[in-house]
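Notes for the structure review
Read off the chains here:
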Amino acid sequence: MAVTANYEAVMIISMKQGEEGIQSIIEKFKALIEKHATLKNVDEWGKRKLAYLINKESEGYYVLMNFESTAEFPAELDRRFKITDGVIRSLIIKKDSE
């Protein structure tokens with residue numbers, strides 16, 4: 001049996017994507033995580049002001065996803081975040097086991 005761990009991923013989506021574009025990106029990553037891991041929670045924080053300009057944008061749409069997976073999947077998820085148009089920042093962390 002594969003060893004799994006809990007992870008937390010936060011992505012910031014560009015507001016230039018529009019409502020439908022933002023929702024399609026969220027659905028795309030939800031489907032990707034559900035295919036390769038166990039998705040536990042998706043928390044949409046919504047539109048927030050960025051601490052500093054990123055690609056000349058001052059606001060972004062924040063989404064937090066909690067999931068459980070093997071150690072290999074977060075690297076692939078991070079790669080997908082980086083190559084997806086509309087995702088301006090992302091962070092994946094391994095959570096301590098409670």
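Higher on the page you've got the structure.
My aim in this report is to walk through the structure given alongside it, one point at a time. (Residues numbered from 1 in each chain as written. Predicted model: local features only at pLDDT ≥ 70, side-chain atom pairs only at ≥ 80, totals over all residues. Heavy atoms only, no water.)

Counting buried positions over the 10 residues of strand β1 (residues 5–14) gives eight, a clear majority of the element. Relative to strand β3 (residues 57–69), β1 runs antiparallel, the two being bridged by 10 bridges. Residue pairing for β3: Ile-12 is matched across the bridge by Tyr-62. Here seven bridges tie β1 to strand β4 (residues 87–94), and the two strands are oriented antiparallel to one another. By the bridge assignment, Ile-12 is partnered in β4 with Arg-89. (Buried < 20%, exposed > 50% of the residue type's maximum accessible area, 1.4 Å probe, protein only. Helix = DSSP H or I, 4+ residues; strand = E, 2+ residues; numbered from the N terminus. Pairing = 2+ DSSP bridges.)

Below, the discussion takes up the pattern of salt bridges. Per the counting criterion, the structure on display carries seven salt bridges. A salt bridge links Lys-30 to Glu-27; the nearest nitrogen and oxygen atoms lie 3.4 Å apart. Within this pair, Lys-30 and its partner Glu-27 are both found in helix α1 (residues 18–36), separated by three residues, close to a single helical turn. Residue class for Lys-30 comes out partly exposed when judged on its relative accessible area of 21%. The partner of Lys-82 in a salt bridge is Asp-78, with the nearest N and O atoms 2.6 Å apart. Here Asp-78 and Lys-82 lie together in helix α2 (residues 73–83), a separation of four residues that amounts to about one turn. Overall, Asp-78 belongs to the partly exposed group, its relative accessible area being 23%. (Salt bridge = Lys/Arg side-chain N within 4 Å of Asp/Glu carboxyl O.)

By themselves these figures say nothing about function.
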